Amino acid sequence: MEYNPISVTDLNKYIKEKIDNDENLNNVLVKGEISNFKHHYTGHMYFTLKDENSLIKCIMFKTYTANLNFVPKDGMKVNILGTVSVFERDGVYQIYCKAMKEDGIGDLYKAYEELKNKLEAKGLFDKKYKKEIPKMPKSVGVLTSDTGSVIRDIINVSTRRNPNCYIKLFPVPVQGKGAGEKIAEAIKIMNKYKPVDVIILARGGGSLEDLWPFNEEVVANAIFESEIPIISAVGHETDFTISDFVSDLRAPTPSAAAELAIPNISDVKLSLENYEKQYKNSLRKNPFINYDDENIKPLVKMINNIIFEIMCWKAQNERETIRKRQAEGIAVAKAKGKKFGRPKIDLPSNFEEEYTKWKKGEQTAKITILNLSCNSVLHTLYEKREDAWSR
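Worth saying up front: this structure is predicted, and the values here are computed from it rather than measured.

1. Points about empty space enclosed by the protein
Okay, so step 1: Scanning all chains against the criterion turns up one cavity of 30 Å³ or more.
Okay, so step 2: The calculated volume of the largest cavity comes to roughly 50 Å³.
Okay, so step 3: Lining of the largest cavity is provided by Leu 124, Asp 126, Tyr 129, Lys 130, Lys 131, Ile 223, Phe 224, Val 246 and Asp 248.

What follows is the structure in structure tokens.
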């Protein structure tokens with residue numbers, strides 16, 4: 001006996017007709033807790049209605065949302081009146097809401113508000129405890145899942161902005177039972193060994209339940225006690241967690257966190273070149289400077305030293321970039337039987353001599369510079385000369 005199969009479209013259409021013809025489903029009054037609420041720019045509202053054991057998707061069109069006298073949000077308990085039907089394209093049944101009424105606050109949202117108020121009273125959200133994010137980190141630690149798209153987005157952004165900045169992933173579960181303890185433990189391990197300059201705590205969007213590990217007190221305490229600055233990038237731009245309030249900086253998305261943590265190397269190079277021009281022009285155009293004056297010679301030597309450091313930074317950065325590119329193609333080159341040499345960097349002929357003097361402290365004279373527009377650069381970018389060279 002031969003059977004004639006039907007298409008998926010025909011099956012979904014048949015199911016929709018069956019549900020639409022059921023009088024019990026044409027007008028249903030359901031109570032539950034709102035979760036994963038999204039207010040679309042078109043005016044429609046999308047959310048999930050749940051209880052302790054089950055959930056169902058809901059949609060409320062703009063025509064009916066205009067009649068609401070309150071703003072729905074995650075964790076709110078409501079009673080809704082609507083019709084159950086099938087969205088044929090996706091084969092999903094959902095409630096098409098016509099009216100909604102408040103029915104209190106959900107247990108999870110209530111716990112969130114209680115913990116938020118408790119930690120705020122303790123001072124964990126106080127701005128005076130916020131640590132400054134490093135302006136030029138050498139390495140960035142990322143606490144997130146190793147299987148999601150979050151880490152790939154962060155790597156793509158960091159590679160584009162500064163390929164010399166290393167990303168160090170510490171895989172942690174980002175939802176489910178026990179995830180909060182694992183996240184807190186990872187933060188403590190990072191602080192114990194300090195392998196990075198800044199930490200990004202990230203995960204994609206989700207419902208209040210999905211993001212709950214980032215609302216746990218153990219995670220909040222670990223973030224607050226961290227000596228390494230932490231950027232929180234949990235969920236979408238409209239999602240807020242306890243981690244966002246405790247962390248040193250909140251990013252709306254994981255990709256935005258990578259942009260906040262890692263400066264654009266092209267902009268940095270351009271700034272350094274502008275500073276170098278400012279130093280030279282300030283000395284050249286200042287009519288009050290007598291270059292034969294013994295008191296001025298230390299100033300000239302110091303400015304030359306700053307310019308030299310800029311040159312060293314450029315050379316070091318170029319060297320690291322070449323080495324990275326060389327490493328990426330090393331397997332292919334070896335297969336072709338090619339030999340390798342050190343990447344050649346063009347440095348001044350007196351580089352070694354000047355660098356030796358600089359290391360011995362012979363060119364570290366510091367005097368007050370008045371009416372010099374580039375003076376602030378000296379104190380902001382090059383206070384630590386050793387660090388400027390290592391970069």
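2. Let's talk about the layout of surface pockets
Okay, so step 1: Empty space within the second largest pocket amounts to approximately 430 Å³.
Okay, so step 2: As for the second largest pocket, its lining consists of 19 residues, and the residues nearest its centre are Lys 73, Asp 74, Thr 238, Asp 239 and Phe 240.
Okay, so step 3: Those elements giving two or more residues to the lining of the second largest pocket turn out to be β1 (28-39) and α4 (107-122).
Okay, so step 4: Take the lining of the second largest pocket: its biggest share by element is four residues, from α4.
Okay, so step 5: Its residues assigned to classes, the lining of the second largest pocket shows eight nonpolar, five polar and six charged.

3. As for the packing of aromatic side chains
Okay, so step 1: On inspection of all chains with the given rule, the structure shows five aromatic pairs.
Okay, so step 2: Aromatic pair Tyr 129 and Phe 224: ring centres 5.2 Å apart, planes at 75 degrees, arrangement edge-to-face. Of the two residues, Tyr 129 sits in the loop between α4 and β6 (139-144) while Phe 224 sits in helix α7 (residues 217-225), which places them 95 residues apart along the sequence.
Okay, so step 3: For Tyr 129, a relative accessible area of 39% translates into the label partly exposed.
Okay, so step 4: When its relative accessible area of 29% is taken as the criterion, Phe 224 is described as partly exposed.
Okay, so step 5: Put simply, the rings of Phe 125, Phe 240 and Phe 245 pair up and form one aromatic cluster.
Okay, so step 6: The ring centre of Phe 240 lies 4.1 Å from the NZ or CZ of Arg 250, which sits over that ring.

4. What about the state of the cysteines?
Okay, so step 1: All chains considered together, the criterion is met by zero disulfides.
Okay, so step 2: Cys 97 supplies the cysteine sulfur nearest to Cys 58, a cysteine that is in no disulfide, at a spacing of 4.5 Å.
Okay, so step 3: Cys 58 gets classed as buried once you look at its relative accessible area, which sits at 3%.

5. Quick notes on the packing of helix α5 (residues 149-161) against helix α9 (residues 254-261)
Okay, so step 1: The geometry of α5 relative to α9 is characterised by a closest axis approach of 8 Å and an angle of 30 degrees between their N-to-C directions. Considering their axes alone, α5 and α9 lie roughly parallel with respect to each other. The crossing of α5 and α9 is right-handed. Taken together, the residues of α9 that come into contact with α5 (itself represented by Val 150, Asp 153, Ile 154, Val 157, Arg 160 and Arg 161) are Pro 254, Ser 255, Ala 258 and Glu 259.
Okay, so step 2: Considered class by class, the residues forming the contact of α5 with α9 number five nonpolar, one polar and four charged.

6. Remarks on unusual backbone geometry
Okay, so step 1: Its identity as a non-glycine residue notwithstanding, Asn 36 has a phi of 55 degrees, on the positive side.
Okay, so step 2: Relative to the elements of secondary structure, Asn 36 occurs in strand β1.
Okay, so step 3: Even without being glycine, Lys 194 reaches a positive phi, approximately 50 degrees.
Okay, so step 4: Relative to the assigned elements, Lys 194 resides in the loop between α6 (179-193) and β8 (198-203).

7. Overview of the pairing of strand β3 (residues 55-60)
Okay, so step 1: The sheet contact formed by strand β2 (residues 45-50) and β3 spans six bridges and is antiparallel. Directly across from Phe 47, in β3, lies its bridge partner Cys 58.
Okay, so step 2: Counted along the chain from β2 to the antiparallel partner β3, the turn is four residues long.

8. Digging into the sheet that holds strand β10 (residues 249-250)
One key point about sheets: their strands pair by backbone hydrogen bonds, in either a parallel or an antiparallel sense.
Okay, so step 1: Judged by pairing direction, the sheet is parallel, and its five strands sit side by side in the order β7-β6-β8-β9-β10 without closing on themselves. Looking at the sheet topology across the chains shown, the edges are occupied by β7 (166-171) and β10.
Okay, so step 2: The sheet contact formed by β6 and β7 spans six bridges and is parallel. Along β7, the bridge assignment pairs Leu 143 with Phe 170.
Okay, so step 3: Across the face of the sheet, α6 comes into contact with β6, β7, β8 and β9 (230-234) while running at roughly 165 degrees to β6.

9. Looking at the pattern of salt bridges
When charged atoms on two side chains of opposite charge get close, those side chains can pair.
Okay, so step 1: By the definition in use, this model includes eleven salt bridges.
Okay, so step 2: Lys 118 is the partner of Glu 217 in a salt bridge, and the nearest nitrogen-oxygen pair spans 3.2 Å. Of this pair, Glu 217 sits in helix α7 while Lys 118 is found in helix α4, placing the two residues 99 residues apart along the sequence.
Okay, so step 3: On the accessibility criterion, Lys 118 (38% relative accessible area) is partly exposed.
Okay, so step 4: A salt bridge links Asp 248 to Lys 131; the shortest N-O distance between them is 3.4 Å.

Criteria and cut-off values
Residues numbered from 1 in each chain as written. Predicted model: local features only at pLDDT ≥ 70, side-chain atom pairs only at ≥ 80, totals over all residues. Heavy atoms only, no water. 1 Å grid on protein atoms, 1.4 Å probe; cavity = no way out; pocket = protein on both sides within 12 Å on 5 of 7 lines; lining within 4 Å. Points joined across faces, edges and corners; volume = space filled by probe spheres on them. Helix = DSSP H or I, 4+ residues; strand = E, 2+ residues; numbered from the N terminus. Nonpolar A, V, L, I, M, F, W, Y, C, P; charged D, E, K, R; others polar. Phe/Tyr/Trp six-rings, centres within 6.5 Å; stacked < 30°, edge-to-face > 60°. Buried < 20%, exposed > 50% of the residue type's maximum accessible area, 1.4 Å probe, protein only. Lys NZ or Arg CZ within 6 Å of the ring centre and 35° of its normal. Disulfide = S-S within 2.5 Å. Axes fitted to C-alpha atoms, helices over the stretch in contact; angles between N-to-C directions. Parallel < 35°, antiparallel > 145°, perpendicular 65-115°, else oblique. Left-handed = near helix turned anticlockwise from the far one by under 90°. Contact = heavy atoms within 4.5 Å. Pairing = 2+ DSSP bridges. Salt bridge = Lys/Arg side-chain N within 4 Å of Asp/Glu carboxyl O.

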